[in-house]
Amino acid sequence: MTTPPSPPGAERAVGSSVRIGALVPLTRPGWVEAGRHLLAGLELAAREVNDAGGIAGRPLELVVRDTAADPRRAAAAVDELARLGVAALAGEYHSVVARAAAARADALGLPFLCSSAVLDALTEQPTPWVARLAPAQSHGWRIYADFLLGAGHSRIAVAAEPSLYWASGARILRDHLAARGGTVIQLDMRALAPAAVRDELVGNRATALLLLVGHPEPAVPIVASVRRDRRLAEIMIGAPAGQPEFAEWARLLGDDGAAIPFLRYLPERLSPLGARVEAALRERLAEAPSFVAFEGYDTVAVLAEVLRSHGADRARTAGSWPRVAVEGTRGQIRFSRTPGISVWQWTWTPVQVVDRDPAEPDRFRVLHAG
């Protein structure tokens, strides 16, 4: 592996600690609730590493930077963290932001374990420096498309905003469904107000509406508008990107937020490790942890094991991705090269399609597993 030049001292931890740079959306327009859960998982794992003796006796330190869903801000944070001498990068939730961070990490020769972003092409070209825990979008969203077909939906409208992430998701759905006799109708949310979506659904005879839009705007107004229209009483609303996972969704929509299937990356039953971490995360967050919190925990667990085994040298860390074998909260984590995916990929974390139970909106129902 050829290591790009890095600043003097960048290959070693600063002071007595081993530092990991953590990229997290903590302010708007970032998805703040997702960022809070991601950070809770990162911090819990770091605390447990230190309680167990740290990295060869040195404390593990998280150096947290708020990306605020801004790719340029994330790229600047990567540059700063590289100068500070972090051994590796962790985190990020938003796919487009993670893509910008991964490009800078690749250019600087800085290992980056991405927690949550799912874009297949996280980097333009294959890179040895970046690995990922979350499943690739093509994998998870095809499972979601299979769920739709199994539930009898073949004429599906997608309310979409312009972004690389939403466009990629729409394309995956369109291609997978078309090959199986399904039809995807695109609704451009740049041109439609939430109330206008209702007439489009009726006119196109769609049986399902998928939200490929931001949260809370315009996702929440769209759901509220559609739920009020008696003509659409039988339509299924779906949110493959996971908007209903977080408590804010239920607070904003109440009963209207139930029965909206989304993707979640958890097993049917947690292992003893997963159950212990779930309890600790619940205490830390004062609410049920999302799958994003587990992703954060697993990220630090993997990096800590790599750093214990190979030290804080960046090239050795990146070179270890294919040899990782770490028991995470959702199964054993190993990375491999997967066709069409430009980074080292865990293939795969468990994937579920779940929704909030209309009879008990704080409870999730597993509708499909892939």
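All values derive from a computational prediction rather than experimental measurement. (Residues numbered from 1 in each chain as written. Predicted model: local features only at pLDDT ≥ 70, side-chain atom pairs only at ≥ 80, totals over all residues. Heavy atoms only, no water.)

Here we look at the sheet that holds strand β2 (residues 60-66)
For clarity, the cut-off: By definition, two strands form a pair when at least two bridges between them are found by DSSP. The numbering of helices and of strands both runs from the N terminus, where a helix is a DSSP run of H or I of at least 4 residues and a strand a run of E of at least 2. It only takes one pair of heavy atoms within 4.5 Å for two residues to be counted as in contact. Every axis in this analysis is a line fitted to C-alpha atoms, fitted for helices over the stretch in contact. Angles between the N-to-C directions lie between 0 and 180 degrees.
Strand order in this open sheet of seven strands is β2-β1-β3-β4-β5-β14-β13, and the pairing throughout is mixed. The sheet is open, and its two edges are formed by β2 and β13 (335-336), each paired on a single side. In this sheet, strand β3 (residues 88-91) lies alongside strand β1 (residues 18-24) in parallel orientation, the contact comprising four bridges. From the neighbouring strand, Ile20 faces β3, where its bridge partner is Ala88. Where helix α2 (residues 71-83) meets the sheet, it contacts β1, β2 and β3, and its direction lies at approximately 150 degrees from that of β2. Sheet contacts for helix α10 (residues 291-310): β1, β2, β3, β4 (112-114) and β13; angle to β3, the most-contacted strand, approximately 160 degrees.

Structural notes on the nonpolar core
Filter applied, for reference: Take the buried Ala, Val, Leu, Ile, Met, Phe, Trp, Tyr and Cys residues and link them wherever side-chain atoms come within 4.5 Å; each set so joined is a nonpolar core. Here the term buried applies to any residue with accessible area under 20% of the maximum for its type, exposed to any over 50%, and partly exposed to those in between, with areas from a 1.4 Å probe on protein chains only.
With 99 residues, the main nonpolar core has Leu42, Leu60, Trp141, Leu210, Trp321 and Phe335 as its most contacted residues. Broken down by element, this core gets its largest block of residues, 11 residues, from α10. Ignoring any residue separated from it by four or fewer positions in sequence, one finds Trp141 in contact with Tyr165, Trp166, Gly169, Ala170, Ile172, Leu173, Leu212, Pro240, Ala241 and Leu263. Listed in part, the 24 residues of the second largest apolar core include Leu201, Ala206, Leu253 and Ile260.

Considering the pattern of salt bridges
As a reminder, the rule being used: The rule for a salt bridge is simple: a side-chain nitrogen of Lys or Arg has to be within 4 Å of a carboxyl oxygen of Asp or Glu.
What the rule picks out here adds up to 19 salt bridges. Notably, a salt bridge pairs Arg65 with Glu80, separated by 2.9 Å at the nearest N-O pair. Here the residue Arg65 occupies a position in strand β2, and Glu80 occupies one in helix α2, the gap between them amounting to 15 residues. Take Glu80: its relative accessible area is 27%, and that puts it in the partly exposed class. Put simply, Glu268 and Arg269 hold a salt bridge, and the shortest N to O gap is 3.8 Å. Just as Glu268 is exposed, Arg269 falls in that class too.

Observations concerning the pairing of strand β16 (residues 360-369)
Here strand β15 (residues 352-357) runs beside β16; their pairing, made up of six bridges, is antiparallel. Bridge pairing links Val354 to Val366 in β16. A loop of two residues connects β15 with β16, the two strands running antiparallel in sequence.

A closer look at the environment of Ala75
With respect to the helices, strands and loops of the structure, Ala75 is situated in helix α2. The class for Ala75 is buried, based on a relative accessible area of 16%. Sequence-wise, Ala75 and Glu287 are 212 residues apart; in three dimensions their C-alpha atoms are separated by 32 Å. Once residues lying within four places of it in the same chain are set aside, the contact partners of Ala75 are Ala100 and Arg104.

Looking at helix α3 (residues 95-108)
Note the following rule: To estimate how far a helix should reach, multiply one less than its number of residues by 1.5 Å.
Between the first and last C-alpha of α3 there are 20 Å, a value that for 14 residues agrees with the 20 Å anticipated at 1.5 Å per step. Looking one or two residues past α3, Gly109 carries a phi angle of roughly 70 degrees, positive in sign.

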